[in-house]
Amino acid sequence: MAQITPAQQLFDLSGEVVLVTGASSGLGRRFARVLAAHGAKVVAAARRVDRLAELAGEQEGIAPLALDVTAPEGFSAALEEAERHFGPLTLLVNNAGIASGKRILDTAEEEWAAVQRTNVEAVWHLSRAFAGRLIARQSPGAIINIASLVAEKVGVSSAAYAVSKAAVLHMTKAQALEWARHGIRVNAICPGFIASEMTDGYLSSPAGQDMISRIPQRRAGDPSDLDGVILLLASSRASGFMTGAALRVDGGHALA
Ligand code: NAI
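Keep in mind that what you see is a predicted model, and the values were worked out from it rather than measured. (Residues numbered from 1 in each chain as written. Predicted model: local features only at pLDDT ≥ 70, side-chain atom pairs only at ≥ 80, totals over all residues. Heavy atoms only, no water.)

Q: Could you give me a rundown of the packing of helix α5 (residues 109-136) against helix α6 (residues 159-179), with the residues and numbers involved?
A: In the contact formed by α5 and α6, the axes pass within 9 Å of each other and the chain directions differ by 15°. On the basis of the axis angle, α5 is roughly parallel to α6. Here α5 runs over α6; the crossing is right-handed. Residues Trp 112, Val 115, Gln 116, Asn 119, Val 120, Val 123, Trp 124, Ser 127, Arg 128, Ala 131 and Ile 135 of α5 lie in contact with α6, whose contacting residues are Ala 160, Tyr 161, Val 163, Ser 164, Lys 165, Ala 167, Val 168, Met 171, Gln 175 and Trp 179. Each residue belonging to the contact of α5 with α6 can be placed in one class, and the counts come to 14 nonpolar, 5 polar and 2 charged. (Axes fitted to C-alpha atoms, helices over the stretch in contact; angles between N-to-C directions. Helix = DSSP H or I, 4+ residues; strand = E, 2+ residues; numbered from the N terminus. Parallel < 35°, antiparallel > 145°, perpendicular 65-115°, else oblique. Left-handed = near helix turned anticlockwise from the far one by under 90°. Contact = heavy atoms within 4.5 Å. Nonpolar A, V, L, I, M, F, W, Y, C, P; charged D, E, K, R; others polar.)

Pasting the structure below:
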């Protein structure tokens, strides 16, 4: 029988080199901090580099990288630059995303396109660039895609966003299927409503408060509510046999 690994070792991420997109705020910032606190080296990527510099100053093992995920022509150079900080990347967290809170007929073409570009196409292009590098050097690794509760459960006024996140979920499965043979695990996290710059306005509004009253746990999540799930999926010791999975963390919202 395999030995029992103590939790501290199970979630020890020493040796992992992670790229987190959209790390200047919210969930991405928290992911960067939690992964670094468990021994990973983290390249925190986003457009607001002043915020990344602040984050890197606050915690050891984090380096900033300027990256606009809607500019795939720069991905190859960005990955090269990321690897100059701590060596070859082993984990990609596709976290950058934008929301859209309009009904279908009120969503302008440009808004639809921007949401798909940021939430879907960026994940497609960056994952390809990342996996291509790992496969070329025959290294194992992992990708964690941040999808959403609305990838599976639609609501009014979030169609463009919900469609984009459903695509992320399907992409996760397709990537997992194709890259398992190369030792690359691909999983998704589907958060419910979590307090962040993206959601703060809505959550504090009367409509947001009403929505919260219908979540079974009667609260929105905090970014720290995702600490356990990001560590689980990042650690190949803890989740080495998991690929193509989607883990929902929503206070029971999907059940309501
Ligand atoms: P946030 O707005 O604080 O974070 C999103 C990050 O993505 C920001 O740092 C933003 O600058 C970055 N970003 C946006 N466009 C970018 C671009 N073109 N290039 C580089 N970075 C870009 O919001 P939050 O909540 O932290 O969102 C993180 C992820 O979690 C997103 O993918 C979001 O869709 C997803 N999510 C959030 C939920 C929530 O309730 N907060 C629920 C479910 C999913």
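Q: Give me helix α9 (residues 227-234): which residues, what numbers.
A: Counting buried positions over the 8 residues of α9 gives 6, a clear majority of the element. Among all positions of α9, only Asp 227, Val 229, Ile 230, Leu 231, Leu 233 and Ala 234 are buried. (Buried < 20%, exposed > 50% of the residue type's maximum accessible area, 1.4 Å probe, protein only.)

Q: How would you summarise the site of the ligand if you had to cite specific residues and measurements?
A: Within the structure, the ligand sits among 29 residues, and Ser 25, Asn 95, Tyr 161, Ile 194 and Ser 196 are positioned closest to it. The contact in question runs from an oxygen atom of the ligand to an N or O atom on the side chain of Ser 24, over 2.9 Å. Between the ligand and the protein, one listed contact pairs an oxygen atom with a side-chain N or O atom of Ser 196 at 2.6 Å. Considered on its own, the ligand offers 810 Å² of accessible surface; in the complex 95% of this is hidden by protein. Put simply, the ligand lies in the largest pocket. Elements with a contribution of two residues or more to the shell around the ligand: α2 (26-37) and α6. (Near = heavy atom within 4 Å. Polar contact = N/O pair within 3.5 Å; in protein donor to acceptor, adjacent residues only side chain to side chain. Areas by Shrake-Rupley, 256 points an atom, 1.4 Å probe, with all protein chains shown as cover. 1 Å grid on protein atoms, 1.4 Å probe; cavity = no way out; pocket = protein on both sides within 12 Å on 5 of 7 lines; lining within 4 Å. Sits in = over half its atoms within 2 Å of the grid points.)

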